[in-house]
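Each chain, written out:
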Amino acid sequence: MTARNDRTAPPPLARIAALAAAAAVVAALAWAPRTATNLTVPHDDAEPDRWFTVDPDGLYHARRLARLRDEGAPVAERDPYLSFPDGAAIPWPPYYTYVLAAAVGPGLPRADGVEERERIERAVARAPRAWAVATAALLALCASRLARAARSGPAAQDGAGLAPALAGAIVAGGTFALARASIWVSALGVGDHHAWISLLVAALTGLFVVALSGPGSARRDPALGAAAGVFAGVALGSWVASLVFVLLLQAALGWMLLRHARAPRPGLVGFGLAFHLAAAATLAPAVLSSPWKEQLPWMVVNLSWFHLAHLLLGAAVFVPLLRLPAEARAFRAYPWIVAAALGLLGLALAAVDAGPGRGIREGFAWAGRTNAFMGYVAESQPMWGGGLGGLQAPLDHLGLGALLLAPAWAWAAWRALRGDSALVAPVVLAPVLLFQALVQRRFADNLAVVGCLLLGWAAARCVAAPRCPALLRRAPVAAGLALAFVLAANGPVVAATWPALRAPRGFETVPALAERHRANRDLYRWLGRDAGSPADRSVLAPWSHGHALEQVADRPTVATNFGLYVGEDAYRDPYRFLLTDDLAAAEQLLVRRRARHVLVTGAFPETLPIAIEVARPGEAARYLADADGDVAAPGWYACLGARLLHGGAALDAGGAVASTSVDFLRLVHASPGRVAGMALDPRAGAWPWGYVWEHVPGARLVARGAPGETLRLALDVEYPGGYALRWTGAATVGADGVAELRVPYNTDEPNGDGRVVGRPVWELGERRGRVLIAEDDVREGRRVELRGA
């Protein structure tokens, strides 16, 4: 009986069932930790299923999906709510929004505004968990495909190589499933697109593995190249930084062209050409609709003509090979001809300050500017540090398997150099992705995709080795040991997941943190109840609140965590406002930004060093008396942000009132709950977490008296939950015998949630009288003549 050709014959049913079972196991491993410990906060402990997310990027994806449902296709590329009142182009390309619409949209029935936004928010925050589960299963199947090339000796006779395939599948998929690098971007409650990008990276890598394994096929490989091109185009149209993956896969194709010049490989040219053409065709609609190409037609960091030209240039590399005979001298020299041509093109672009050259330079300049502002964002932090000589962070992200990644890569690289083409793509991808992850942890989940695939290949290779004991070559034993390795290497994740499966938990496991998030959500929802047109409803707040205000409150904002994408001033202005003690300049900023409300919470003093770095670099000593940021300096108590946390007046270090109150803002809402021991607060007791202030023209109280006399007024304002503040104001009589005092509160109607207690009394020298201020006086800046003055 002749041996069956494993490459062409269909695998037996038992093999399919075993691999399907392995994929199911790793899918379950992926689902469990992303559900058990998540980033959700229940609105109420009595209703744990009515949760919300605190992921800013996920909230903006929800807003974009909501706009697509309301406005119809195409996906909006500009948002009038960003960088208000100017509006801004949206940094993200549109394809992920289409993916969400197709994946979760059909299951979302229409509802009224608030209910529909909450449903969309939860649906978007569930999607990345599904992408991660699919990625783990896909990696398992891809590793089993690599294992087919790893079989040798006795293992090849054991169930058609089932033992290596199962070992590789479980190690690759299981390690990814339990990698915190992936869990942190795909846990329930995280709605960002990074898990989707990891799925696309896995699909791209898998297609390259399949296409480059074996001797090649002129009939099959162009179709695989077209499929890979579609995934590449979707990746670029979902996240422009996916250009990194495209460049690395092009480098892998360059490696293969070098081999092709020495030993022609059937299907390689068709694969490379189809890959680039399909990617360009898939990406073209996103490029054509991109508003960024209007600013810089050849910019790199946002979609522009550069990305389309780049892909078409890649396709052009393969066109001559369609006609160039293998026996021609130019055929063997072709890779070097291409390298020289691309090098000359690069030099030309570098020498000319126009077109693509300018776009590339601007990309590097943008990256430098971004590091100065976005370095405080968690995902921009390096994946390096902690104990163990800096290895603690990689171990936290990737588990103990991180220690085996370097030897696995070295082994795979050695095999690739010896001719194993199936390993070329992961071998090229891994070191660059490792470098990126060490610099910015946002790339750690992409590294996990390729790194876990290499670990799976290494596991399969070990089981397939001729010296592997016969017992380990049995499929059940190999699978069991692989699963044991995965669980042991990721022990902390397993230990945290297992007890939480009975009661999946989010932020409510840290009550103080959950209460903060609930207080923030209360502030957003309160702002969402405000009436008026968007042009009259913008909110100035630190950037961390931006996307929540846009999605939850349906309010325009000044700053979001898009940072410099929507303009440098937009990023700086909220902190400029909060850190200034020049009240006139602060009000001018509100007027310029057309901001009706200001939101400030107890998180502001905790992030004061960041605010100083952004808005007042080099002036930390003005606000903080120690390097740790625990002791306030006089400048802190005088700045507007502190005053808005302390009832509108400046305090001294002992908590006593040291100034009159702000006269162009009135407090309209305070968080009903109380928080004790807020940072840099000199007062004893517990105080509201957050405050909403409204910018108003203010009533102009006019009194006449002797020059030099002082007109004074004090108002006591009470709010639900027992909070109260005292507003005080003073104005000196001028040489013309007139004093004018601006008052931001009315005395006979609600001021948002606040009510003035009793009938306030003004004082001017020895004279006194009661004052009545109407809401229209406050909103229209009317003059109110004081009787008896």
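Residues numbered from 1 in each chain as written. Predicted model: local features only at pLDDT ≥ 70, side-chain atom pairs only at ≥ 80, totals over all residues. Heavy atoms only, no water.

S.K.: Is there a simple way to think about the overall build of the chain in this case?
M.R.: Scanning the chain for helices and strands turns up 30 helices and 20 strands. Across its three principal directions, the C-alpha atoms of the chain cover 115 × 60 × 50 Å. Taking all contacts inside the chain whose residues are at least 6 apart in sequence as the whole, residues at least 24 apart take part in 72%. For the chain, the exposed surface amounts to about 31500 Å²; the carbon and sulfur share of it is 61%. (Helix = DSSP H or I, 4+ residues; strand = E, 2+ residues; numbered from the N terminus. Contact = heavy atoms within 4.5 Å. Areas by Shrake-Rupley, 256 points an atom, 1.4 Å probe, with all protein chains shown as cover.)

S.K.: Would you take a moment to explain the side chain of E77 for this structure?
M.R.: Along the polypeptide, E77 turns up in the loop between helix 2 (56–71) and strand 3 (78–79). Given a relative accessible area of 12%, E77 falls into the buried group. A polar contact is formed between the side chain of E77 and the side chain of S289, at a distance of 2.8 Å. Every residue in contact with E77, bar those within four places of it in the chain, is listed here: R64, A89, I90, W92, P94, A286, S289, S290 and P291. (Buried < 20%, exposed > 50% of the residue type's maximum accessible area, 1.4 Å probe, protein only. Polar contact = N/O pair within 3.5 Å; in protein donor to acceptor, adjacent residues only side chain to side chain.)

S.K.: Please clarify how the sheet that holds strand 16 (residues 738–743) should be interpreted in this entry.
M.R.: Hydrogen bonds between backbone groups are what pair the strands of a sheet, and the pairing can be parallel or antiparallel. A sheet is described by the order of its strands in space; here 3 strands give the open sequence 16-13-20, paired in mixed fashion. At either end of the open sheet lies a strand with only one pairing partner, and these are strand 16 and strand 20 (783–785). Averaged over all pairs of adjacent strands, the angle between strand axes in this sheet comes to 30 degrees, irrespective of strand direction. As defined by bridge partners, strand 13 (residues 699–704) adjoins strand 16 across 6 bridges and the pair is classed as antiparallel. The partner of A703 across the bridge, within strand 16, is A739. (Pairing = 2+ DSSP bridges. Axes fitted to C-alpha atoms, helices over the stretch in contact; angles between N-to-C directions.)

S.K.: What's the story with the sheet that holds strand 6 (residues 595–601) in this structure? I'm lost.
M.R.: Reading across from one edge, 5-6-12-9 is the order of the 4 strands in this open sheet, with mixed pairing throughout. Of all the strands in the sheet, just strand 5 (538–540) and strand 9 (665–670) have a single pairing partner and so form its edges. Within the sheet, the average angular offset between the axes of one strand and its neighbour, ignoring direction, is 30 degrees. One ladder, built from 3 bridges, connects strand 5 with strand 6; its direction is parallel. Across the sheet, V539 pairs through a bridge with H597, a residue of strand 6.

S.K.: Even after reading the chapter, I still don't get the packing of aromatic side chains, so can you show me in this structure?
M.R.: Across all of its chains, the model carries 16 aromatic pairs by this definition. Between Y60 and F562, the ring centres sit 5.1 Å apart and the planes meet at 75 degrees, which makes this aromatic pair edge-to-face. Linking Y60 in helix 2 with F562 in the loop between helix 22 (546–551) and helix 23 (568–579), this pair joins segments that are 502 residues apart in sequence. Of the two residues examined, Y60 and F562, each falls in the buried class. (Phe/Tyr/Trp six-rings, centres within 6.5 Å; stacked < 30°, edge-to-face > 60°.)

S.K.: Help me understand a nonpolar patch on the surface, please; the structure alone is not making it clear to me.
M.R.: On the surface, W384, L391, L400, L403, L404 and F485 cluster together to form a nonpolar patch covering roughly 540 Å² of accessible area. Its location among the elements puts L403 in helix 16 (residues 402–417). (Patch = residues over 30% accessible without salt bridge, like charges linked within 9 Å, V, L, I, M, F, W, Y side chains within 5 Å. Salt bridge = Lys/Arg side-chain N within 4 Å of Asp/Glu carboxyl O.)

S.K.: How do you make sense of the nonpolar core when you look at a structure like this?
M.R.: Counting 136 residues, the largest nonpolar core has W131, L166, W196 and F208 as the members making the most contacts within it. Setting aside residues no more than four positions away along its own chain, W131 makes contact with Y96, V99, A103, A195, W196 and L199. (Core = buried A, V, L, I, M, F, W, Y, C linked by side-chain atoms within 4.5 Å.)

S.K.: Where do I start with the pattern of salt bridges in this structure?
M.R.: As a working rule, side chains carrying opposite charge can pair if their charged atoms are close by. The tally for this structure, following the rule as stated, stands at 38 salt bridges. Across the salt bridge formed by R69 and E116, the nearest N and O atoms sit 3.4 Å from each other. Taken together, the residues span a long stretch of sequence, with R69 in helix 2 and E116 in helix 4 (residues 113–150) at a distance of 47 residues. With a relative accessible area of 7%, E116 lands in the buried category. A salt bridge links D569 to R576, with the nearest nitrogen and oxygen atoms 3.0 Å apart. Assessed through its relative accessible area of 30%, R576 is described here as partly exposed. A single network of salt bridges, built from pairs that share partners, joins D86, D569, D573, R576, R592 and R593.

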